[in-house]
Structure formats: structure tokens, C-alpha cells
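Structural overview
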Amino acid sequence: MKLAGMTASIAGKAAKNSLKHLSSDEEKRLEARSALMQDVGVQIAETLGEMKGAVMKVGQIASQYKDVFPPEVATALEKLQKDAPPMPYGQIRAQVERELKAPIAELFTQFEEAPFAAASIGQVHRAVLPSGQRVVVKVQYPDVDENCDSDLKQVRMALKIAGVLNMSKQLQEQLFNEIRQSLHDELDYVKEAHNLQVFGAFHADDEGLIIPKVISSHSSKRILTLTEEMGEPLAVAATWDNDIKQKIAKRLFHFSAGQLFGLYRMHCDPHPGNFAFRTDGSVVAYDFGGIRSYSDSEVQLFRRFAKHALKGDVTALEQDLIALDIRRDDDKVVPGEFYKEWLEIGLKPLSIEPYQQGPFDFGSSQTHHEAIAQMRTSLKYFGQFQPSATTMMLDRTISGQYWNLVNLGVVIDLSPLVAEYIDY
């Protein structure tokens, strides 16, 4: 009912806005649309924020795909990234006992009633097994998986009515199928347990990268029990010496790049809450529900795109963008200078010459501000580009790791790490 009411309200606002500015000039129509998008974004965020479960997760996932939505909507949706209020312990206990088919007192000698983390689809409790081993128990909220498809359909309808989804129906299908699959994967803790085992084996020899181990006897589709691997949050790590922060940054870089180019599968939810940090520079990684697998041809295309970008070969770069379904394949010309200006902004944090000499100070990074300013001056070419289902999760990962380094405040030269993966 809440979702249907939101959709009807947005439809009314969109129709009213369209009629009111039917005879307005282009500038006034753009201003009116921006105001409408702000209003719509706030309404969607507030409605989804009131609702626990899959529908709120839909909003969280949508908020991470900023290139899909107008900036006004994406900004409003960002508030959904914050922790959700916890569910009462009685419901959590009933869910654990229903899933693991035993009283909680038999399953655990200690189970903390207050969660130490709560999110949209579940919450995490510390506990102790009868063996004495300390663990964390991830409990999915009851019935959260039953309505996720209809929730996603309603959110999509609201966005479409508001005119937010300015793209072809085929591209909409591709993008929302990607979001739907991501959502279903995150709701399946059996799949996440398998992911943890795969990624744990892949990173087994990577010193300082720690992935919790699954306790299979105390796990199910909606319950996931893991070894307790604790560390400090990003805000605390940001206060440490730069040499420690450099070790953390290198491990975050290898965590993502190593998976993409070595495993062809990626942990695609680099939210700061999904990592913890230790004073020796170690990184603990959590939450392996949001995983994306890539084919060999896709990974080689990513590598080729990166190589052409690093070399500044804008002719080849444009062809790569067409192959990735980012650049529309038409006869309209986009000047090489357009690409060069974006490369100058995007490659500076990697300390790639000639764009940056020496270490880059992420704590003082202006890259995101420069990108916003560049967008304003490049609007006439933006019709030639579109979001790509192939790169959506990769974009989410790269932008998330960029913000992790910004919030870490590290000063580092990343170019030697780039060279380990891209021969340019």
C-alpha cells in the first residue's frame, strides 16, 4: 500500500509539472525538472526508509548506481546507505530457531541480544558456540525475501512515471535484471557461504587480507554463522599513521583488482561497513552476498579499455566504450578533447603520468568535484552515452573503493599497483 501510494503521488506530481511548464522555455523546463527530481528523490528515500526488508534494499542498491539516476534522485537515495534500526530480539530468536531447528540455548552457549550491526535485510549478533569458539551470526529478517520482485517492480514503476529512467526499454530491462539478480544473491545465504569459501581460498596466500570462515553446522539459507574476525572501522583507521594507511590502501586495491583479473569474480559492495582494519595494516572483508562474475571476453575488454585509457589513446578508447554499450554506436561525433579532459580527471588519483607526479593525497582529493564541474560543461555530449549493465557493478566497486581511500585520507602512489595488472 505504501509503495502504491508513493507511485500514485509521483504520477500526479509528474503530470502537474508537465502541464504547468508546457509553454515554458527550455531553461525554465530544466529548472522545473530538477526541482521535481529533488522532490521525487526525497519522497522515494523517505518511503523506502520507513520499510524494512527487500524494498529498502532495493533503494540501497539503486542509490549505489548513481549513473542510472539524475543526481537529485541519487543524492536523496544516499541516506538509505545508513544503518537500519534493529528488529526486536524475540523475532530474531524465532528466526534462528526456525531455520536451525533447535532452541537457541542449545545452538549457542552465549548469544548477544543486541546486534552490533543492523541493515535492510538482516542484522548481525555476536555469539559463542558450545565448543567455546567466538562467532558472529548474520540473521535475515523473517519473510524479507518473499516480495522482493514486486517491490522492485513498484520502485521501477515510480521511477519510470517520474521520468527518471530516461533510457530505452531494453536497457531498463538489462539494468533492473542486474539489480534483481544482485538482490536475490544477497538474500541467499547458502550462496554467500559458497562465495566466502571461494574467495577465502583465492586470498589464502594474501598476507593481511582476512576473510571469515563459514560455520556450516550453524548456517542455512537465512542464517550465516562465521568466525569472529574483528577490526576497527574506517573512521578509526583514518587517524593512523600514513604508512599503515598505505598498507590498507594497497590491500583494498589488490582485493578488488586481484579478483577481477585473477578470479573473474568480484566482491561488488565496498561499503566501508563491509571492511574492518587492524593497526598492522590488515584488512578484514565481510558481506560476500553481492558478487558479480565476468566472462573472459568481458575481463579482456576491461583490460583493453584500461590500457587505452592509461595510454591516452582516445580513438581506441571510444571503440572500447561502444563495445561496452556505454557509447551509443551512431554517427554523432564526440571530440577527442572531451575524452582527454575526462582522462585527466579520472587518472589523477592513480598518479599516472603526465596527469599526476608522485603520491596522490586522497584526503584532499578534488576528483569528485572536478567530475561534477566537468559534467556541467559537457552536457551537450551526454546524450551519446548511457549506463551499461556490463559495467554497472564494476562502476559501483571502483567508486566505492575511491571513497574508501578518500575517507581513509591516505597519501599514496598507486601507479606501481596499476602496472601489476595493466601493461601500458
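Provided above is the structure to which this section pertains.
Now for a look at the structure at hand. Computed from a predicted structure; not experimentally measured.

1. Some remarks on the overall build of the chain
When helices and strands are counted, the chain shows 17 helices and 12 strands. For the chain, with 424 residues in total, the buried portion stands at 51%. On the chain, roughly 20000 Å² of surface is accessible, and the fraction owed to carbon and sulfur atoms is 53%.

2. Digging into the pattern of salt bridges
Taken as a whole, this structure holds 13 salt bridges when the rule is applied. A cluster of three or more residues bridged by salt bridges with shared partners is formed by Arg126, Arg134 and Glu228.

3. Topic: unusual backbone geometry
Most peptide bonds take the trans form, and the phi angle of most residues other than glycine is negative. The omega torsion of the bond from Glu353 to Pro354 falls at 5°, within 30 degrees of zero and hence cis. For Pro354, the position within the fold is in the loop between helix H14 (336–347) and strand S11 (360–361). A positive phi angle, close to 60°, is found at Tyr264, a residue other than glycine. The topology assignment puts Tyr264 in the loop between helix H11 (242–263) and strand S7 (265–267).

4. Topic: the nonpolar core
Ranked by size, the top nonpolar core spans 66 residues in total, and within it Ile248, Phe277 and Phe362 carry the most contacts. Among the elements that make up this core, the one with the highest residue count is H11 (9 residues). Contact partners of Ile248, with chain neighbours within four places excluded, come to Ala237, Trp240, Phe277, Gly281, Val283 and Leu408. Tyr89, Phe108, Ala118 and Cys148 belong to the second-largest nonpolar core, a separate cluster that totals 24 residues.

5. Some remarks on the packing of aromatic side chains
Evaluated as defined, the whole model comprises 15 aromatic pairs. Look at Phe253 and Tyr421: their rings are 6.1 Å apart centre to centre, the planes differ by 45°, and that puts the pair in the tilted class. In this pair, Phe253 is assigned in helix H11 and Tyr421 in helix H17 (residues 415–421), connecting sequence segments 168 residues apart. Residue classification places Tyr421 among the buried residues on the basis of a relative accessible area of 18%. Ring plane angle 85° and centroid distance 5.4 Å describe the contact between Phe338 and Tyr339, whose orientation is recorded as edge-to-face. Overall, Phe338 belongs to the buried group, its relative accessible area being 7%. A residue is classified by how much of its surface remains accessible, and Tyr339, at 5% relative accessible area, is buried. Three or more aromatic residues joined by ring pairs form one cluster here, namely Phe199, Phe255, Phe275 and Phe288. The cationic tip of Arg126 hangs over the ring face of Phe116; the distance from NZ or CZ to the ring centre is 4.2 Å. One residue, Arg327, lies across the ring of Phe385, its end atom 6.0 Å from the ring centre.

6. Remarks on helix H16 (residues 392–408)
Residues lying three or four places apart along an α-helix face the same way, a consequence of the helix completing one turn every 3.6 residues. Between the first and last C-alpha of H16 there are 24 Å, a value that for 17 residues agrees with the 24 Å anticipated at 1.5 Å per step. Of all the 17 residues making up H16, 12 are buried; the element is thus mostly covered by neighbouring parts of the structure. Just past H16, the residue Gly409 takes up positive phi, approximately 70°.

7. Thoughts on the packing of H11 against H16
Their axes nearest at 10 Å, the elements H11 and H16 cross at an angle of 175°. In this view, H11 runs roughly antiparallel relative to H16, as classed from their interaxial angle. In this structure, H11 uses Lys245, Ile248, Ala249, Leu252, Phe255, Ser256 and Leu260 to contact H16, whose residues at the interface are Leu394, Thr397, Gln401, Asn404, Leu405 and Leu408. Split into classes, the residues belonging to the contact of H11 with H16 amount to 8 nonpolar, 4 polar and 1 charged.

8. Let's talk about the environment of Gly336
Topologically, Gly336 is positioned in helix H14. Along the chain, Gly336 and Glu318 lie 18 residues apart, while their C-alpha atoms are 8.9 Å from each other.

9. What to know about helix H9 (residues 189–202)
Across its 14 residues, H9 extends 20 Å between first and last C-alpha, which sits within 8% of the 20 Å expected from 1.5 Å per residue. Among the residues making up H9, those that are buried are Tyr189, Glu192, Ala193, Asn195, Leu196 and Phe199. Buried residues of H9, viewed axially, fall in a sector of 160°; they line one side. Sitting at the amino-terminal end of H9 is Asp188, which places a side-chain oxygen 3.1 Å from the backbone nitrogen of Val190.

10. Comments concerning the sheet that holds strand S9 (residues 283–285)
Pairing in this open sheet of 3 strands is mixed, and the strands run S5-S9-S8 from one edge to the other. Among the strands making up the open sheet, the edge pair consists of strand S5 (209–210) and strand S8 (275–277). Sheet topology places S8 next to S9; 3 bridges connect them, and they run antiparallel. Residue pairing in the sheet places Phe275 in a bridge with Ala285 of S9.

Conventions adopted
Residues numbered from 1 in each chain as written. Predicted model: local features only at pLDDT ≥ 70, side-chain atom pairs only at ≥ 80, totals over all residues. Heavy atoms only, no water. Helix = DSSP H or I, 4+ residues; strand = E, 2+ residues; numbered from the N terminus. Buried < 20%, exposed > 50% of the residue type's maximum accessible area, 1.4 Å probe, protein only. Areas by Shrake-Rupley, 256 points an atom, 1.4 Å probe, with all protein chains shown as cover. Salt bridge = Lys/Arg side-chain N within 4 Å of Asp/Glu carboxyl O. Core = buried A, V, L, I, M, F, W, Y, C linked by side-chain atoms within 4.5 Å. Contact = heavy atoms within 4.5 Å. Phe/Tyr/Trp six-rings, centres within 6.5 Å; stacked < 30°, edge-to-face > 60°. Lys NZ or Arg CZ within 6 Å of the ring centre and 35° of its normal. Expected span 1.5 Å × (residues − 1). Axes fitted to C-alpha atoms, helices over the stretch in contact; angles between N-to-C directions. Parallel < 35°, antiparallel > 145°, perpendicular 65-115°, else oblique. Nonpolar A, V, L, I, M, F, W, Y, C, P; charged D, E, K, R; others polar. Arc of directions from axis to C-beta. Polar contact = N/O pair within 3.5 Å; in protein donor to acceptor, adjacent residues only side chain to side chain. Pairing = 2+ DSSP bridges.

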